[in-house]
Amino acid sequence: MLSIRLVDKEKNHRCHHHHDHHLSHHLGVDHDSQSISRQMGIVGLINLAFAGMELFFAGRFRSTALFSDAIHDLGDAIAIGLSWFFEKVSGLPADDQYPLGYRRFSLLGALISSSVMIVGSLIAITFGLLSLRDPWPVNSKGMLIVGVLAVFANLVSTYVLRGKDSVNGNMLNLHLLEDVLGWIAVILVALILQVTDWYFLDPLLSIGIGLTMLIKTVPTYLDICQIFLTGLPKSIELTRIYEAIEKVSGVSQIVTKTPITTDGRTLIMGLKIETALTSVEEQYRLKKQVKEQLESLDVRQSFIEIIPEKRQRLEGHQ
Ligand SMILES: [Zn+2]
């Protein structure tokens, strides 16, 4: 399963360490992002065309394994297409209708495509189990040809995306290389079926492909659901941010913390901070410092409230 925008846990760490580099991506490189976008469009189309072809030949060659891989590729094509589309929407600036911005749209594509993938994998497993009870002969030569073509198509896709310094492109690349393994399994089964009549191998492989899809997709799906339910994924490290804020001089303690994520990667932060500083100017300066610190930690937007320490508040009432 492919969820290009979301939950690469490693990526989250990387973003922080290569902040400058990350930033340069946002600034100067409209041209580059356009070209990666076009390439994703091309790869999406290759995948879509190929998935259609696979479905057709799966029926013709009576192979459930081909059918399962076809569904997988169809899911990939949908994922690429949707993320390509929603990527543009998710970059729009916040407005009255979407005050927190449009970033959650980038998750919508992943939600749809992972749903397709889960339904597809259940169908693949069911078909595999039904066919395993009474395996029928498949056209193993046809399977072999489709397998070889699929490996070729995946390699072309990886070539199109080669050397692109983009998280999306890299993840897609990695994913397509992983998919080659599935196709190599199809080729192996097709070769074995050339010399034997172990036709049960075809539905068995279909079940294997379905299970792999399911195991890969379900965690992603749950992560996306969590974010839609305004949860925070584990990949976002908050302690690091709180520690940095507590070190800002003037901060006594953080009383209330309200982190929000719209896309599972970037943060919006609400903080209520106690301080011993009494003058309005000092408190204002503190607020500014905290905001700057948060910005340097990739927090996209922040709401800071500075309040006097409890002791002072009580004294004030006397
Ligand atoms: Zn795939």
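If you're wondering where the values come from, they're calculated on a predicted model, not measured in any experiment.

Undergrad: Can you walk me through the overall build of the protein in this structure?
TA: Each helix and strand in the protein was counted, giving 11 helices and three strands. Listed by position from the N terminus, the elements making up the protein come as α-α-α-α-α-α-α-α-α-β-β-α-β-α. For the protein, buried positions account for 36% of its 318 residues. Of the contacts made within the protein by residues no fewer than 6 positions apart, 76% connect residues no fewer than 24 positions apart.

Undergrad: Explain the pairing of strand 2 (residues 267–275) to me, please; I cannot follow it from the model alone.
TA: For a regular strand, the rule is simple: side chains alternate between the two faces of the sheet. When strand 1 (residues 251–261) meets strand 2, the two strands line up antiparallel, connected through nine bridges. Bridged to threonine 261 within strand 2 is leucine 267. Counted along the chain from strand 1 to the antiparallel partner strand 2, the turn is five residues long, and its residue glycine 264 has a positive phi close to 85 degrees. Examined bridge by bridge, strand 2 and strand 3 (residues 299–308) share nine bridges and lie parallel to one another. Paired with threonine 275 across the bridge in strand 3 is proline 308. For the crossover from strand 2 across helix 10 (residues 280–296) to strand 3, the handedness is right-handed.

Undergrad: I'm lost on the nonpolar core in this one. Help?
TA: Nonpolar side chains in soluble globular proteins tend to end up buried together. If you look at the biggest cluster of nonpolar residues, it comprises 44 residues, and the most contacted ones within it are Leu66, Ala70, Met143, Val186 and Val189. Per-element accounting of this core gives the leading share, 13 residues, to helix 4 (residues 64–90). Counting residues in each nonpolar core, the second largest holds 10 residues, with Ile245, Leu267, Met269 and Leu294 among its members.

Quick notes on the rules
Residues numbered from 1 in each chain as written. Predicted model: local features only at pLDDT ≥ 70, side-chain atom pairs only at ≥ 80, totals over all residues. Helix = DSSP H or I, 4+ residues; strand = E, 2+ residues; numbered from the N terminus. Buried ≥ 20, exposed ≤ 12 C-beta atoms within 10 Å, placed from the backbone. Contact = placed C-beta atoms within 7 Å. Pairing = 2+ DSSP bridges. Right-handed = clockwise from strand over helix to strand, strands pointing away. Core = buried A, V, L, I, M, F, W, Y, C linked by C-beta atoms within 7 Å.

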